[in-house]
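Breakdown of the fold
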Amino acid sequence: MQTSPRAPLPPPPHWYSPVTGIYCSKHPAVDLPSDPLNDAVSHLFSRAHGGSTALLDCPSGSSISYSELRSLVRCIASGIRSMGVSRGDVVLLQLPNSVYYPVVFLGVLFSGGVVTTMNPLSSASETRRQVSDCNVRLAFASSDKCEMLKALGVPAVAVPEDVRSASRDREFVEFRTLLSRKFESFERPIVKQQDTAAIVYSSGTTGVSKGVMLTHGNFIAVCELFVRFEASQYEFPTSENVYLAVLPMFHIYGMSLFVLGLLSLGSTVIVMRRFDPNEVVKAIDRYGVTHFPVVPPILTALTRTLKVANGSGLRSLKQVSCGAAALSRKSIEDFVQTFPHVDFIQGYGMTESTAVGTRGFNTEKCRRYSSIGLLAPNMQAKVLDWKTGSFLPPGSSGELLLRGPAIMKGYLNNVDATRLMIDEDGWLHTGDIVHFDQDGFLHILDRVKEIIKYKGFQIAPADLEGVLITHPDIVDVAVTGALDEESGEIPVAFVVRRIGSNISEEAVMDYLAAQVAPYKKVRKVVFTSSIPKSAAGKILRRELKKSLTSRL
């Protein structure tokens, strides 16, 4: 009996090697500076542009021009050197967003110092821990934090929220003095690309936060491979772009954009101290904002606000980009329907990759709203089976590994954790479950550590959350695993009900059961007033697990 020959398999795409398992960027490589003495701040200021206003305070309208920015950065560098900060010393920034945040940050780097950042809402014990871990030499903080820092033995300089208060309030005299120093007396030390520039603490969503050491070379990479590369994909002049800065500048997402990359383009950054959806709408219309980087909670709140106003206004807005945490399909669809004139993209990055990973890019022929984009230039990836360790081709889901010039130097004072995160070949094990489609676009599924193992089955919490959030009586949801003697783990849903809703636990479970495989059914529902999340919008599942433990 003769059989017809099988059709030959299609050749693998040029951006994936079935021999090595390596995915390469589909974008052309970007030339990065080879001079080892090219520090991040000098690189940033070397980029020519036609920008005028660099930073503008949203409430007051006070601003800092690009010519002033360069001068102020040098003044801060000179000033802190006179206060005893030497090359390699760590300076803490415990500040809310302000026009002065990038000034201080860049000033510390230019002096040869190392920045470590903190959420200004951090507790005294959290501050004490980071101050000790980094051996902080000096701090810049909001006026209400200065006494606490001084009690910890750290000299602290109070930083004003805007330009106007800086010029008049007595509590900011020391800061004004720093800004008035003459740069001529400043002898700048040699700063190398491989030198540590910042220690940024990871979110700690699944464990204790660790200090991520990022170099000047890493920051140059984020400018060139993330911010400047993305801007080069569009036709309009970058100096005409206006960005709204609501994301916290102490977090790597906001830092990479508003403190570093965008200032190399000549774009204007409108600084908001805190997120309020109604104030955001006013700011976008008032200042003609063209670009708005967000995290999922901000995107959801903005969509709801504009739905009430029937989507009116915001005609200046060209692009909204979302990152830092997983986004449900429903949230994407709601946004795109509410803002049909706005280009929506997602991106992916980690603190450990200096926010560089992937970036979305839409064309008229190809719109991948649910994808987190293509690999950034100069970056490589692998997708590994998290059980066997073998590499996987396009279409198969596994753990994402990244390699490239943006990968961190390592974790501060933690060699063992560094070795677990970065292998001997330089691959960063992200812990995120992803797959590449046949066109090279990356899709994220969940975290390896967050996978629920029910009777041997693997359940991704994000899969269940994506279904549950579509219920009209559910406004927010998170799923985690609870230990179970018989099954190993069972899925538990934490649900925030719509105001006025009396939806029951049984109704929630039945709604999900009708749309997923039997083994994926939620076995318990906990109604709550809110879902614990990090500043970047990531669900803090460890807090949910603690809550479950306390209920037992």
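Anything mentioned here points back to the structure above.
None of these values were measured; they are calculated from a predicted model. (Residues numbered from 1 in each chain as written. Predicted model: local features only at pLDDT ≥ 70, side-chain atom pairs only at ≥ 80, totals over all residues. Heavy atoms only, no water.)

A closer look at the overall build of the protein
To be explicit about the condition: Think of it this way: any DSSP run of H or I at least four residues long counts as a helix, any run of E at least two long counts as a strand, and we number them from the N terminus. The contact rule is simple, with two residues in contact once any of their heavy atoms fall within 4.5 Å. The Shrake-Rupley method, run with a 1.4 Å probe sphere, supplies the accessible areas, and residue values consider only the shown protein chains as cover.
From N to C terminus, the protein includes 16 helices and 26 strands. For the protein, restricting intrachain contacts to residue pairs at least 6 apart in sequence, the fraction spanning at least 24 positions comes to 69%. Carbon and sulfur atoms make up 50% of the accessible area of the protein, which amounts to about 24200 Å² in all.

Regarding the nonpolar core
Here is the rule we go by: Throughout this description, the term nonpolar core refers to a set of buried Ala, Val, Leu, Ile, Met, Phe, Trp, Tyr and Cys residues connected via side-chain atoms within 4.5 Å. The buried label goes to any residue with under 20% of its type's maximum accessible area, the exposed label to any with over 50%, and the partly exposed label to all in between, with areas taken from a 1.4 Å probe on protein chains only.
In terms of nonpolar packing, the biggest core is built from 125 residues, with Leu-69, Phe-105, Phe-140, Phe-219, Leu-244, Leu-260 and Phe-292 touching the most fellow members. Those residues within four positions of Leu-260 in sequence are excluded, and the remaining contacts are Leu-44, Phe-105, Leu-106, Phe-219, Val-222, Cys-223 and Met-255. By size, the runner-up hydrophobic cluster in this structure holds 29 residues, among which are Val-479, Ile-490, Val-492 and Val-496.

Thoughts on the packing of helix α3 (residues 100-110) against helix α9 (residues 252-260)
This is how it is decided: An axis is simply a line fitted to the C-alpha atoms; with a helix, the fit covers only the stretch in contact. Between two such axes, the angle follows the N-to-C directions and lies from 0 to 180 degrees. Convention used here: angles under 35 degrees read as roughly parallel, angles over 145 as roughly antiparallel, angles from 65 to 115 as roughly perpendicular, and any remaining angle as oblique. For this classification, Asp, Glu, Lys and Arg are treated as charged, while Ala, Val, Leu, Ile, Met, Phe, Trp, Tyr, Cys and Pro are nonpolar and the rest, including Gly, are polar.
Direction vectors running N to C along α3 and α9 enclose 90°, while the axes themselves pass 9 Å from each other. Overall, the two elements α3 and α9 adopt an arrangement that is roughly perpendicular. Taken together, the residues of α9 that come into contact with α3 (itself represented by Tyr-101, Pro-102, Phe-105 and Leu-106) are Met-255, Phe-258, Val-259 and Leu-260. Of the residues assigned to the contact of α3 with α9, the class counts are eight nonpolar, no polar and no charged.

Observations concerning helix α8 (residues 216-232)
We count it as follows: The span you would expect from a helix comes to 1.5 Å times its residue count less one. The angle between axes fitted to the seven residues ending at a residue and the seven residues starting there is what we call the bend at that residue.
For α8, spanning 17 residues, the distance from its first C-alpha to its last is 22 Å, which sits close to the expected 24 Å at 1.5 Å a residue. At Cys-223, α8 shows its maximal bend, which comes to roughly 25°. Where burial is concerned, most of α8 is hidden: 16 out of the 17 residues are buried.

A few points about the side chain of Ser-142
Where we set the bar: Pairs of N or O atoms within 3.5 Å make up the polar contacts considered here, provided that, within protein, one atom can donate a hydrogen while the other can accept it, and that residues adjacent in sequence are counted only when both atoms are side-chain atoms.
Relative to the assigned elements, Ser-142 resides in the loop between β6 (136-141) and α5 (146-151). Residue classification places Ser-142 among the buried residues on the basis of a relative accessible area of 13%. A polar contact of 2.7 Å, which involves the side chain of Ser-142, links it to the side chain of Asp-144. The contact partners of Ser-142, leaving out residues within four places of it in the chain, are Gln-94, Leu-95, Pro-96 and Val-159.

A closer look at the environment of Lys-307
Of note, Lys-307 is situated in helix α11 (residues 296-308). We classify Lys-307 as partly exposed; its relative accessible area is 44%. For Lys-307 and Phe-335, which are 28 residues apart along the polypeptide, the C-alpha to C-alpha distance reads 9.3 Å.

Notes on α9
Most of α9 sits out of view: nine of its nine residues are buried. Every buried residue of α9 is accounted for by Ile-252, Tyr-253, Gly-254, Met-255, Ser-256, Leu-257, Phe-258, Val-259 and Leu-260.

Comments concerning unusual backbone geometry
Note: most peptide bonds trans; most residues except glycine with negative phi. Here the phi dihedral of Asn-378 falls at roughly 70°; this positive angle occurs in a residue that is not glycine. You can see Asn-378 is positioned in the loop between β16 (374-375) and β17 (380-384). For Asn-378, a relative accessible area of 25% corresponds to the partly exposed category. The phi dihedral of Asn-413 is positive, around 55°, even though this residue is not glycine.

Quick notes on the sheet that holds strand β8 (residues 196-201)
Just so we agree on the cut-off: For two strands to be treated as a pair, DSSP must find at least two bridges joining them.
With mixed pairing, seven strands are arranged side by side in an open sheet as β7-β6-β4-β5-β8-β9-β19. At either end of the open sheet lies a strand with only one pairing partner, and these are β7 (156-158) and β19 (410-411). Across the sheet, α8 is in contact with β8 and β9 (211-215); its angle to β9 comes to roughly 75°.

A closer look at the pairing of strand β13 (residues 319-322)
Side chains Gln-319 and Ser-321 project from β13 onto one buried face, and the interleaved Val-320 and Cys-322 project onto a second face that is buried too. For β13 and strand β14 (residues 343-348), the ladder comprises four bridges, and the chain directions are parallel. If you follow Val-320 over to β14, its bridge partner there is Phe-344.

Quick word on the pattern of salt bridges
Once their charged atoms are close, side chains differing in charge can pair, the charge on each being opposite to the other. Quick reminder of the rule: For this analysis, a salt bridge means a side-chain nitrogen from Lys or Arg found within 4 Å of a carboxyl oxygen belonging to Asp or Glu.
On inspection of all chains with the given rule, the structure shows 10 salt bridges. As a salt-bridge pair, Glu-224 and Arg-47 come within 3.1 Å of each other at their nearest N and O atoms. Of the two residues, Glu-224 is situated in helix α8 and Arg-47 in the loop between α1 (40-46) and β2 (53-57); the sequence distance between them amounts to 177 residues. Residue Glu-224 is classed as buried on the basis of its relative accessible area, which comes to 6%. One continuous salt-bridge network, built from bridges that share partners, spans Asp-57, Glu-161, Asp-162 and Arg-273.

Some words on the packing of aromatic side chains
How two aromatic rings sit relative to each other is given by the distance of their centres and the angle of their planes. The line we're drawing: Here is the rule: rings of Phe, Tyr and Trp (six-membered ring for Trp) pair when centre to centre is within 6.5 Å. Planes less than 30 degrees apart are stacked, more than 60 are edge-to-face, and the remainder are tilted. To sit over a ring, a charge needs its Lys NZ or Arg CZ within 6 Å of the ring centre and within 35 degrees of the ring normal.
As enumerated under the stated definition, the model contains seven aromatic pairs in all. Here a set of aromatic residues connected by ring pairs shows up, and it is made of Trp-15, Tyr-16, Tyr-23 and Phe-436. The ring of Phe-110 has Arg-188 sitting right over it, with the charged end atom 3.9 Å from the ring centre.

Describing the side chain of His-43
Secondary-structure assignment places His-43 in helix α1. Here His-43 falls in the buried class, since its relative accessible area comes to 6%. Excluding residues that lie within four positions of it along the chain, His-43 makes contacts with Pro-33, Asn-38, Ile-220 and Glu-224.

A short note on the environment of Lys-150
The topology assignment puts Lys-150 in helix α5. Looking at Lys-150, the relative accessible area reads 43%, which means it is partly exposed.

Observations concerning the packing of helix α2 (residues 66-82) against α3
The line we're drawing: Here is the rule for handedness: rotate from the far helix to the near one, and if that takes an anticlockwise turn smaller than a right angle the crossing is left-handed, while a clockwise turn gives right-handed.
Remark: α2 packs on α3, axes separated minimally by 7 Å, with the N-to-C direction vectors making an angle of 55°. As far as their axial angle goes, α3 and α2 are oblique. Viewed along their axes, α2 and α3 form a crossing whose handedness is right-handed. In contact with Leu-69, Leu-72, Val-73, Arg-74, Ile-76, Ala-77 and Ile-80 of α2, α3 contributes Val-103, Val-104, Leu-106, Gly-107, Val-108 and Phe-110.

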